[in-house]
Amino acid sequence: MHLRSKLPAVGTTIFTVMSKLAADVGAINLSQGFPDFDCDPALVDAVARHMREGRNQYAPMQGVPALRQAVAATLEALYGAAYDPDGEITITSGGTEAIFDAVAALVHSGDEAIVFEPCYDSYVPAIEVNGGRAVVVSLRYPDYRVPWDEVRAAISPRTRMIVLNSPHNPTATILSESDMTELTRIVDDSGVTILSDEVYEHIIFDGARHESMARYPALRAHSFIVGSFGKTYHVTGWKVGYVAAPAALSAEFRKVHQFVTFSTNTPVQHALAEFLADGRGYPGLSAFYQRKRDLFLALIEGSRWKPLLSRGTYFQLLDYSAITDETDMDFALRLTREHGVASIPTSAFLYTQTAPPVLRFCFAKKDETLESAATRLRDL
Ligand SMILES: Cc1ncc(COP(=O)(O)O)c(C=O)c1O
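Keep in mind it's a predicted model, so treat the numbers as computed, not measured.

Student: Looking at this structure, how should I read the overall build of the protein?
Tutor: Along its length, the protein carries 14 helices and 13 strands. Computed over its C-alpha atoms, the radius of gyration of the protein comes to 20 Å, within 12% of the 21 Å expected for a compact globule of 380 residues. Dimensions along the principal axes, computed over C-alpha positions, put the protein at roughly 55 × 55 × 55 Å. Sequence separation of 24 or more characterises 76% of the internal contacts of the protein that already satisfy a separation of 6 or more. Carbon and sulfur atoms make up 52% of the accessible area of the protein, which totals about 15700 Å². Charged side chains of the protein number 35 positive and 45 negative; the gap between the two group centres comes to 2 Å.

This is the structure we're talking about:
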C-alpha cells in the first residue's frame, strides 16, 4: 500500500530514542525531561480517594470546574490576570494536547506560524499536519536571544501565529521585560496570535520573574497560554495541562479539544484542583530546582564541560567543545554507550542551523543520580 505521509520528515522522537538506548545499555538517563523521584504521596492519596468516591466517568469537556477555578485564581494571584474559569480556561491532556489544539484551531492550510529554533519538538509537526508552514527564526548559541528584527522580517500577511516558550526548552533561557515590549509592538502592528508555552513557569532561577503573557493585557488579549501540571507536581505521566485564552480564542480551541480527546482524566483533575487551590507545589519549586542545578554544576566543576547559564526549566546545556569535535548526535550516542550518561543533542530541536557543541542534561533527578552522572562526566 502506498501511503502519502503528512509528516514525511518525522521519525521516532529523540526522547524515545535516547531513553530506550539508556535503558538498553544501562546508562544514567539525564535525557528525557522527567523526575526520577516521586510526587507528594498526598497527591496520589487524593487521586485514589476521588477514584474510590466514584469520580471515574467523563469529566466535563472543558475540565472539572474546581480545577478551572483554581487555575484562574492562580493566574490572578501570580500575574494579576482575570480569566473567566467558565469561558477562558480549558483543561487538556497535557501541554502537548493544548499546543496541538491551539494550532489546529487557528492555522488554516497555507498559513504561516513563526517558531524559534531550537524548539520543543511538537510545534513544527503540529503546524505541518494542519497544513501550515513553520517559519523558523534562529536563536543562536551561546546566549540564544530572540532576534526581534528577524521576527519582524518574518511576519507576512499569512502569519497566523507566533509560538513562544519561556522558560525555554532546551536552552534554559527566559524572556525578559524588554522582550515583552518588542513582542507587544509586533502584536500591535500585526494582530498576530501568540501561542505561549509556559509549562516551566514555576521553575525560574536567581530571583528572575516569569514574564507570562498573562501579565500584559495587550499580549494576554492575543494569547493562548499553555500550562502543565506534569512539570509542577512531578507527575509528567499523568498528562494534565491547561490553556488560558480570551473567550473568542477559547471557543475555537474547545471546538478542536472536544474532538481530539473530548475530556481529561477525571480523578486526577479533582486531586490537582485541591492541591492548586491550596497553593501547594509551585511556591517552592524554583528553589528546589535551583538547588539541583547548583549541585549538578558544583559536581562537574573543574571538568572539561562548560555550562551555559540555566535560568529556568530543569535543563542544563553543557558545551563539550573542549572534549571532542564530534557532532552532538554522535557524541550523545557515544556518551550513552561508552560512558553511561544519556543526554539530548540540541540538533533534535533544530531545523535550519548547524548544531553547536552542546548537549542538554535534565537535572530533575535525585541527588545520588546527579552525583553518579557527574562522576562519569568528570572522567571525560
Ligand atoms: C517546552 C515544553 N512544552 C510542552 C511540553 C509537554 O507538556 P506535557 O508533558 O504536559 O504534555 C514539554 C514537555 O517536556 C515541554 O518541554
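Student: Would you mind showing me how to read the site of the ligand here?
Tutor: The full set close to the ligand counts 13 residues, and Thr96, Asp197, Ser228, Lys231 and Lys239 are the nearest of them. Here an oxygen atom of the ligand and a side-chain polar atom of Thr96 are 2.6 Å apart. One of the side-chain nitrogen or oxygen atoms of Ser228 is found 2.7 Å away from an oxygen atom of the ligand. When the free accessible area of the ligand is taken as 390 Å², the share hidden by the protein chains comes to 93%. Here the shell around the ligand takes four residues from helix α4 (residues 94-106), the largest share from any one element.

Student: Explain the sheet that holds strand β10 (residues 315-319) here, please?
Tutor: Adjacent strands of a sheet pair through backbone hydrogen bonds, lying either parallel or antiparallel. The strand order β9-β10-β13-β12 describes an open sheet built from four strands, whose pairing is antiparallel. In this open sheet, the two strands that pair with only one neighbour each are β9 (306-307) and β12 (344-345). One ladder, built from two bridges, connects β9 with β10; its direction is antiparallel. Paired with Pro307 across the bridge in β10 is Leu318. Sheet contacts for helix α13 (residues 328-339): β12 and β13 (358-362); angle to β13, the most-contacted strand, approximately 45 degrees.

Student: When you look at the packing of aromatic side chains in this model, what are you seeing that I'm missing?
Tutor: Within a pair of aromatic rings, the relevant descriptors are the distance that separates the centres and the angle that separates the planes. Enumeration according to the criterion identifies 21 aromatic pairs in this entry. On the basis of an interplanar angle of 80 degrees and a centroid distance of 6.1 Å, the ring pair of Tyr58 and Phe262 is categorised as edge-to-face. With a gap of 204 residues between them, Tyr58 in the loop between α2 (41-52) and α3 (65-79) and Phe262 in the loop between α10 (247-260) and α11 (266-277) connect regions that are remote in the sequence. Members of the aromatic cluster, each reached through a chain of ring pairs, are Phe37, Tyr200, Phe288, Tyr289, Tyr314 and Phe315. Above the face of the Phe315 ring, Arg360 is positioned so that its terminal group lies 3.7 Å from the ring centre. For the cation-ring pair, Lys365 lies above Phe34, with the distance from its terminal atom to the ring centre recorded as 4.2 Å.

Student: What am I meant to see in the sheet that holds strand β4 (residues 133-138) here?
Tutor: Judged by pairing direction, the sheet is mixed, and its seven strands sit side by side in the order β2-β8-β7-β6-β5-β3-β4 without closing on themselves. With one partner strand each, in any of the chains shown, β2 (89-92) and β4 form the two edges of the open sheet. Between one strand and the next, the sheet's axes are offset by a mean angle of 20 degrees, whatever the strand orientation. As defined by bridge partners, strand β3 (residues 112-117) adjoins strand β5 (residues 159-165) across three bridges and the pair is classed as parallel. Considered in β5, the bridge of Ala113 is made with Met161. Along the sheet face, α3 touches β2 and β8 (241-244) and points at about 120 degrees away from the line of β2.

Conventions used here
Residues numbered from 1 in each chain as written. Predicted model: local features only at pLDDT ≥ 70, side-chain atom pairs only at ≥ 80, totals over all residues. Heavy atoms only, no water. Helix = DSSP H or I, 4+ residues; strand = E, 2+ residues; numbered from the N terminus. Rg over C-alpha atoms; globule rule 2.2 N^0.38 Å. Contact = heavy atoms within 4.5 Å. Areas by Shrake-Rupley, 256 points an atom, 1.4 Å probe, with all protein chains shown as cover. Lys, Arg positive; Asp, Glu negative; His and termini not counted. Charge placed at Lys NZ, Arg CZ, Asp CG, Glu CD. Near = heavy atom within 4 Å. Polar contact = N/O pair within 3.5 Å; in protein donor to acceptor, adjacent residues only side chain to side chain. Pairing = 2+ DSSP bridges. Axes fitted to C-alpha atoms, helices over the stretch in contact; angles between N-to-C directions. Phe/Tyr/Trp six-rings, centres within 6.5 Å; stacked < 30°, edge-to-face > 60°. Lys NZ or Arg CZ within 6 Å of the ring centre and 35° of its normal.

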